[in-house]
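Chains, contacts and geometry: an overview
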Amino acid sequence: MEIGPGAGNTLDAIRGTREFTGGATSETWGYSQDYLGPLLRFRRGRTANISVMNRLDEPITAHWHGMHVPGYLDGGPQLAFGPGETWAPELPVDHPAATLFYHSHVHGRTGPQVYRGLAGMIVIDDPEIDDPLPHDYGVNDFPLIVQDRRFDRSGRMTYSLGMMDRMHGFQGDQILVNGVIRPKLTVPAGLVRLRILNASNARVYDFRFTDGRQFHQVASDGGLLARPLAMASLQLDGAERAEIVVEFSDRSPVSLVSRDIGMNGVMNGGMMGDRGGSMMMGDRGMMGDRGMMGMDGNSGAPLEIMSFDVGEAAPAGPTRLPTSLPSDAPALGDPVRRRNFTLNMHTGGMMRGGMMGGGGQTMGINGAPYVMDRIDETVRAGETELWRINADMMMRHTFHVHGTSFRVVSQNGRPVDSAQIGWKNVVRVQGPTEILLRFDKLASEETPFMYHCHILEHEDAGMMGQFTVT
Ligand code: C2O
Ligand code: CU
Ligand code: CU
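Residues numbered from 1 in each chain as written. Chains lettered and ligands numbered in written order. Predicted model: local features only at pLDDT ≥ 70, side-chain atom pairs only at ≥ 80, totals over all residues. Heavy atoms only, no water.

An unreviewed UniProt entry annotates the protein as Bilirubin oxidase originating from Profundibacterium mesophilum KAUST100406-0324.

1. Focus on the coordination of the copper ion (ligand 2)
This is how it is decided: Metal coordination here is assigned from N, O and S atoms located within 2.8 Å of the ion, or within 3.2 Å for Na, K and Ca; omission of water means that sites may look incomplete. Numbering of helices and strands starts at the N terminus; helices are DSSP runs of H or I of at least 4 residues and strands are runs of E of at least 2. Buried residues are those whose accessible area, probed at 1.4 Å on protein chains only, stays under 20% of the maximum for their type, while exposed residues exceed 50% and partly exposed ones sit between those limits.
Taken together, the protein donors to the copper ion (ligand 2) comprise His-63 (NE2) and His-400 (NE2), at separations of 1.9 to 2.0 Å. Separated by 337 residues along the polypeptide, His-63 in strand S6 (residues 63-65) and His-400 in strand S28 (residues 397-401) bring together distant segments of the chain. The two residues His-63 and His-400 agree in class, both being buried.

2. Some remarks on the sheet that holds strand S15 (residues 184-187)
Condition: Whether two strands pair comes down to DSSP finding at least two bridges between them. Axes here mean lines fitted to C-alpha atoms, for a helix over just the part in contact, with angles spanning 0 to 180 degrees between N-to-C directions.
Spatially, the 5 strands line up as an open sheet ordered S15-S23-S22-S17-S20, and their pairing is mixed. Because the sheet does not close on itself, it has two edges, and the strands there are S15 and strand S20 (234-236). Strand-to-strand twist across the sheet, computed as the mean angle between neighbouring axes with direction ignored, equals 25°. As paired strands, strand S17 (residues 205-209) and strand S22 (residues 254-258) are joined by 3 bridges and run antiparallel to one another. Bridging across to S22, Phe-207 finds its partner in Ser-258.

3. What to know about the coordination of the copper ion (ligand 3)
The protein atoms that coordinate the copper ion (ligand 3) are His-397 (ND1), Cys-453 (SG) and His-458 (ND1), at distances of 2.0 to 2.2 Å. In terms of primary sequence, the donors binding the copper ion (ligand 3) are separated according to H-x55-C-x4-H. In this structure, Cys-453 and His-458 share a single accessibility class: buried.

4. Examining the pairing of S22
Within S22, 5 of the 5 residues are buried, leaving the element largely enclosed by the surrounding structure. Of the two faces of S22, the one lined by Val-254, Leu-256 and Ser-258 and the one lined by Ser-255 and Val-257 are each fully buried. Judged from the 5 bridges that link them, S22 and strand S23 (residues 303-310) form a sheet pairing that is antiparallel. Residue pairing in the sheet places Leu-256 in a bridge with Met-306 of S23.

5. Considering the environment of Val-427
Threshold: By definition in these notes, contact holds between two residues if any of their heavy atoms fall within 4.5 Å.
Relative to the elements of secondary structure, Val-427 occurs in strand S31 (residues 426-429). Measuring from C-alpha to C-alpha, the distance between Val-427 and Leu-236 comes to 9.4 Å, with 191 residues separating the pair along the chain. Aside from chain neighbours lying at most four places away, what touches Val-427 is Glu-240, His-397, Thr-398, Phe-399, Phe-406, Val-408, Gln-411, Thr-433 and Ile-435.

6. Regarding the packing of aromatic side chains
We apply this condition: Two rings from Phe, Tyr or Trp (for Trp, the six-membered ring) form a pair when their centres sit within 6.5 Å of each other. Planes less than 30 degrees apart are called stacked, planes more than 60 degrees apart edge-to-face, and all others tilted. Each ring is checked for a lysine NZ or an arginine CZ that lies within 6 Å of its centre and within 35 degrees of its normal; such an atom marks a charge sitting over the ring.
One pass over the structure, following the stated rule, counts 25 aromatic pairs. Seen from their ring centres, Trp-387 and Phe-399 are 6.4 Å apart, and the 70° between their planes marks the pair as edge-to-face. In this pair, Trp-387 is assigned in strand S27 (residues 385-391) and Phe-399 in strand S28, connecting sequence segments 12 residues apart. Here Phe-439 and Phe-449 contribute two aromatic rings whose centre-to-centre distance is 6.4 Å and whose plane-to-plane angle is 25°, an arrangement assigned as stacked. Residue Phe-439 is found in the loop between strand S32 (433-437) and strand S33 (449-452), and its partner Phe-449 is found in strand S33; the two are separated by 10 residues along the sequence. With a relative accessible area of 0%, Phe-449 lands in the buried category. Among the aromatic residues, those joined into a cluster by ring pairs are Phe-341, Trp-387, Phe-399, Phe-439, Phe-449, Tyr-451 and Phe-467. Above the face of the Tyr-115 ring, Arg-149 is positioned so that its terminal group lies 4.2 Å from the ring centre. Over the ring of Trp-423 we find Arg-407, and its NZ or CZ is 4.2 Å from the ring centre.

7. Re unusual backbone geometry
The phi dihedral of Asn-178 falls on the positive side, at around 50°, and the residue is not glycine. Relative to the helices and strands, Asn-178 is located in the loop between strand S13 (174-177) and strand S14 (180-181). Look at Arg-182: it is not a glycine, yet its phi comes out positive at around 40°.

8. Digging into the side chain of Gln-113
Mapped onto the elements, Gln-113 comes out in helix H1 (residues 110-116). You can call Gln-113 buried: its relative accessible area is 0%.

9. Remarks on the environment of Val-139
Looking at the element boundaries, Val-139 is found in the loop between strand S10 (119-125) and strand S11 (141-151). Taking the relative accessible area as the measure of exposure, Val-139 reaches 31% and is therefore partly exposed. For the pair Val-139 and Val-192, spaced 53 residues apart in sequence, the C-alpha separation works out to 8.3 Å. Those residues in contact with Val-139, other than ones at most four positions away along the chain, are Pro-188 and Ala-314.

10. Focus on the confidence of the model for the protein
Selection rule: As a per-residue quantity, pLDDT reports the predictor's confidence and falls between 0 and 100.
On average, the protein scores 89 in pLDDT, and the residues at 70 or more come to 87%. Taken together, the stretch residues 267-299 has pLDDT below 50 and engages in 61 contacts with residues farther than four places along the chain or on a different chain. Scored below 50 in pLDDT, residues 350-358 shows 11 contacts in the model against residues more than four places distant or in partner chains.

Below, the structure written as structure tokens:
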């Protein structure tokens, strides 16, 4: 990964090739690279001018996932541009320090386009804060873009959706970090910051270190937490980010692994095996938050993500974690409006076309699949709202909202400590989920904001809606 956008701040969406495994060459896409895009580093208070050139043979977009920009700069489906065209937004960087995501967002094509490689990480730096965490890029501060991919017998990357992939989202069996299968990273003996982005189409990770060591989460989707949060494992759903700080001063090599989480969000192994299909029956006992959590002792082998070797101590950088962090936490106040969203695995479209009817839209929100020229909600800028999200079947989804960050208020009827969870723009939905949010950026009918499930195959199948902010 490089730092900063390339020369002239251009991102060229291009075809590439890469050997991931087995010596076979896969056809990939990237933004100015053969696969994925460069790390974009934006400074709060500045304007980021980027021109995105489409050198592929189908329309693409560049969506700045998590960044607070008005609808016409957001890179949603309405802003698709065709082969040979350039899109050159001027992005006012009005966002706290954070680790964000960028990716293509063409309606019906987000899954395959992101899978091919049209995705990358954005880091926002805030010159107004004195960052007390390791922040020396490539020395004690590393981006980790985690993805799962499927390869055929020769080692070529594949994406074709079977029935289960459409239902649960596409999952691969090999894990890539920054485009490489199970890489090894040499880190300094000391505190190291890892900016983890789950850029997988659907897979959920439950990260931990092989020696069970504790680490601290310091940021979530929208920026720094109020204080470092100690933990030994961390779950990230698709598109979620977390920054963690890990102590490597004991110099022992260690690996980062993930417990295998079944397609319905339950730990695999033990009683469930990998019969993800039982999701259809919706056995709440199995699906509950605690479900199989205690049973991992006999689950399958963890997925290996990457390994760490420890070198010399870094010449500079903090040696202790601060007790509090310079997080950005304006109060949202009480909601003046409530809205309900039900994520539908089936809508009327299914009855007519057949659920597996080959790429047609069958999923939806509030009973209807996404339609590009229908505005589903109209929101007033500056007013705090409470959104309640639910799903029509027992299945794990996510809910992502463009244009702002939100607080999670409750999950499954239990209040959530939002100070611990921090600012989010994607949240897991595994039962009724309430979020509190307010929009300050505007979005017109021509370029509305989206809300959708971030399981990309669900989004592509119509589990998305859109709204204006005026
Ligand atoms: Cu990550 Cu609507 O997107
Ligand atoms: Cu987004
Ligand atoms: Cu979903």
